[in-house]
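If you want the building blocks of each chain, they are given just below.
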Amino acid sequence: MNPDHDDTERTFAALPPARGRGFARTWWGQAWLKALEDGALDGEQVKTGRRLARAGAVGAVSVRPGRITAVVKDRDGTAYRADVLLERLSAEQWDRFLELAVERAGHVAALLDREMPPHLVEDAALAGIELLPGLGDLRPECGCDGWDHCGHTAALCYRMAQLLDEDPFVLLLLRGRGERELVDDLQARGTARATGPAATGTPARELPEAAGVDAAEAYAAGDILPPLPALPELPGEPGLPPSLDAEAAPAPGIDPAALEFLAARTAAAAHRMLADALRGEEAAWEPELSVAQDAVRLASGEPQRAVLERLADGSGRGREELLAAARAWEQGGATALSVFEDEWAVEGDALARARAALEAAWEEDDRPSLRARGNRWTVVGAPSQLRLDRDGRWWPYRKEGGRWIPAGGPAQDPATALASARARAEDGSR
């Protein structure tokens, strides 16, 4: 990074129209939009802002501490300056936040990779530091003299969600600190932690004397001791288990092919866990699976035909049904499998939110004709379908050989999900 570069204000170029796609893919971008949509008093103005943002009506966006600014044009071409204000963090809050960030190496690495670690945001909130805006935190100002959020400030917020998706440092700049200053401070604090209390001027606590070799003596003998071996590198791929194909007949009830498959899957899981550990990532909690769910998980590992048939028999599924379920598992584990298997009635607030999402996802002329049954919306006259999960996400499906098959991962925006289903259908027809 250029040390002479002043990053206390950043300007982002306008984007062309982007119909039929969502504005936020990341969880923090979606949290930003939730603050807008939940806090706005006039839902129609929010819809107007979404349409303006999709039409490319938001000009270049300036982001600086406490304020984002852009010129937004109405459909008739009238331009207005729109500003959205967000309170800056105090010096004390920044100090606590930076200490939290350097407590785990994975936090700093994630930020540098343009990811917002959820645990960092949660820890900060517990310490009284709200990074993401909440209800009523996004304060609008617009040249149209509209009260609360008008279509222009809402459009600016939707554009801002796209910027946050690409770079969470934009949010930190809005809260008061530029990227260069933050990175320098994080590096300094990390070095201070690594070198111990002497580097920070903090007196060390007296510790009880422990058995072992004195550190000074060990250091002095460093030139006569053999060097420590380097840490082993992560293998490029999981190891191959030994073959169980032997001349001797296996014991009754033992299937060598199944054992080889299970060993290979275990090696792959161990390789993935080791890679996560070397990156400083915490292992995700996974619920205990039923026998039927575990059969689907194993089937997603492309077993040999004999093993696949055994999994199908043991899980009470046909072979083709198991393969379809395994394809769902590959898109999102147990949650995706539940979407594949379960049909449930969408009622009350969930139904109202689903209908609002479907209405807002397309312009009137672009909206497809959908037939609803339970949590499934099927496109009339097309082999495409949307399925809603209990968290409000949309999953794309397409029809193959008379069976509905998963066509991609989930999306908050139904238009984005349906585009995935259509793209898969087009690829399959070529």
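Conventions used here
Residues numbered from 1 in each chain as written. Predicted model: local features only at pLDDT ≥ 70, side-chain atom pairs only at ≥ 80, totals over all residues. Heavy atoms only, no water. Helix = DSSP H or I, 4+ residues; strand = E, 2+ residues; numbered from the N terminus. Buried < 20%, exposed > 50% of the residue type's maximum accessible area, 1.4 Å probe, protein only. Contact = heavy atoms within 4.5 Å. Pairing = 2+ DSSP bridges. Axes fitted to C-alpha atoms, helices over the stretch in contact; angles between N-to-C directions. Parallel < 35°, antiparallel > 145°, perpendicular 65-115°, else oblique. Nonpolar A, V, L, I, M, F, W, Y, C, P; charged D, E, K, R; others polar. Arc of directions from axis to C-beta. Salt bridge = Lys/Arg side-chain N within 4 Å of Asp/Glu carboxyl O. Left-handed = near helix turned anticlockwise from the far one by under 90°. Core = buried A, V, L, I, M, F, W, Y, C linked by side-chain atoms within 4.5 Å.

A. Layout of the overall build of the protein. Looking only at helices and strands, the protein has 16 helices and 10 strands in total. The buried share of the protein, reckoned over its 430 residues, is 37%. Partitioning the contacts of the protein with sequence separation of at least 6, the portion at a separation of at least 24 is 64%.

B. Main features of the pairing of strand E3 (residues 67–73). Looking at chain direction, strand E2 (residues 61–64) and E3 are connected through three bridges and run antiparallel. Counterpart to Val63 in the pairing with E3 is Ile68. Inspection of the sheet shows E3 paired to strand E4 (residues 79–85) by seven bridges, in the antiparallel sense. By the bridge assignment, Ile68 is partnered in E4 with Val84.

C. Region of the structure containing the packing of helix H12 (residues 291–299) against helix H14 (residues 319–341). It is at 8 Å that the axes of H12 and H14 come closest, and there the two elements cross at 110 degrees. In terms of their interaxial angle, H12 and H14 are classed as roughly perpendicular. Judged by residue contacts, Gln293, Ala295, Val296, Arg297 and Ala299 of H12 engage Leu322, Ala325, Ala326, Trp329, Ala334 and Leu337 from H14. The residue inventory of the contact of H12 with H14, partitioned by class, reads nine nonpolar, one polar and one charged.

D. The arrangement of the environment of Val46 in detail. By the secondary structure assignment, Val46 is in helix H2 (residues 43–54). With 103 residues separating them in the primary sequence, Val46 and His149 have C-alpha atoms 7.4 Å apart. Once you skip the residues sitting within four places of it in the chain, Val46 turns out to touch Glu37, Ala40, Ala154 and Tyr158.

E. Geometry of the sheet that holds E3. The strand order E1-E2-E3-E4-E5 describes an open sheet built from five strands, whose pairing is antiparallel. The open sheet terminates on both sides in strands that have one partner only, identified here as strand E1 (10–12) and strand E5 (139–142). Neighbouring strand axes in the sheet, compared pairwise and without regard to direction, differ in orientation by 20 degrees on average. In terms of strand pairing, E1 meets E2 through three bridges, oriented antiparallel.

F. Looking closely at helix H13 (residues 305–315). Along H13, the positions that sit buried rather than exposed are Val307, Leu308, Leu311, Ala312 and Ser315. One side of H13 holds all its buried residues, which, seen down the axis, span an arc of 140 degrees. Across H13 from its buried face, at more than 90 degrees, point the exposed residues Arg305, Ala306, Asp313 and Gly314.

G. How the structure looks around the pattern of salt bridges. Under the counting rule described, the total for this entry stands at 26 salt bridges. A salt bridge links Glu92 to Arg96; the shortest N-O distance between them is 3.2 Å. In this pair, Glu92 and Arg96 both sit in helix H3 (residues 91–103), four residues apart, roughly one turn of the helix. In this structure Glu92 comes out as exposed when scored by relative accessible area, which is 56%. Arg96 sits in the partly exposed class, given a relative accessible area of 29%. A salt bridge links Asp185 to Arg189; the nearest nitrogen and oxygen atoms lie 2.8 Å apart. One end of the pair is Asp185 and the other is Arg189, both in helix H8 (residues 179–195) and four residues apart, which spans about a single turn.

H. Here's a closer look at the sheet that holds strand E8 (residues 384–388). The strand order across the open sheet built from five strands is E6-E7-E8-E9-E10, with neighbouring strands paired in antiparallel fashion. Looking at strand neighbours, the two that pair on one side only are strand E6 (370–373) and strand E10 (403–406), the edges of this open sheet. The average undirected angle you get between the axes of adjacent strands in this sheet is 30 degrees. As paired elements, E6 and strand E7 (residues 376–379) share four bridges and run antiparallel to each other. Directly across from Ala372, in E7, lies its bridge partner Trp377.

I. Region of interest: the environment of Ala109. Tracing the chain through its elements places Ala109 in helix H4 (residues 105–112). The sequence separation of Ala109 and Arg279 amounts to 170 residues, and the corresponding C-alpha distance is 8.4 Å.

J. Main features of the packing of H2 against helix H6 (residues 151–166). Where H2 meets H6, the closest approach of the two axes is 7 Å, and the angle between their N-to-C directions is 55 degrees. Taken together, the axes of H2 and H6 lie oblique to each other. The handedness of the crossing between H2 and H6 comes out as right-handed. Contacts between H2 and H6 involve Gln45, Val46, Thr48, Gly49, Arg50, Leu52 and Ala53 on the former and, on the latter, Gly151, His152, Ala154, Ala155 and Tyr158. Its residues placed into classes, the contact of H2 with H6 shows six nonpolar, five polar and one charged.

K. Just the nonpolar core, in detail. Among the nonpolar cores identified, the biggest contains 58 residues, and Trp32, Val63, Phe97 and Met160 are the most heavily contacted of them. The biggest single contributor to this core is H6, with nine residues. Once residues lying within four places of it in the same chain are set aside, the contact partners of Trp32 are Ile68, Leu86, Pro133, Leu138, Cys157, Met160, Ala161, Leu164, Leu171 and Leu174. Formed by 23 residues, the second largest nonpolar core is a distinct cluster that contains Leu322, Ala336, Phe340 and Trp395.

In short, geometric facts, not functional conclusions.
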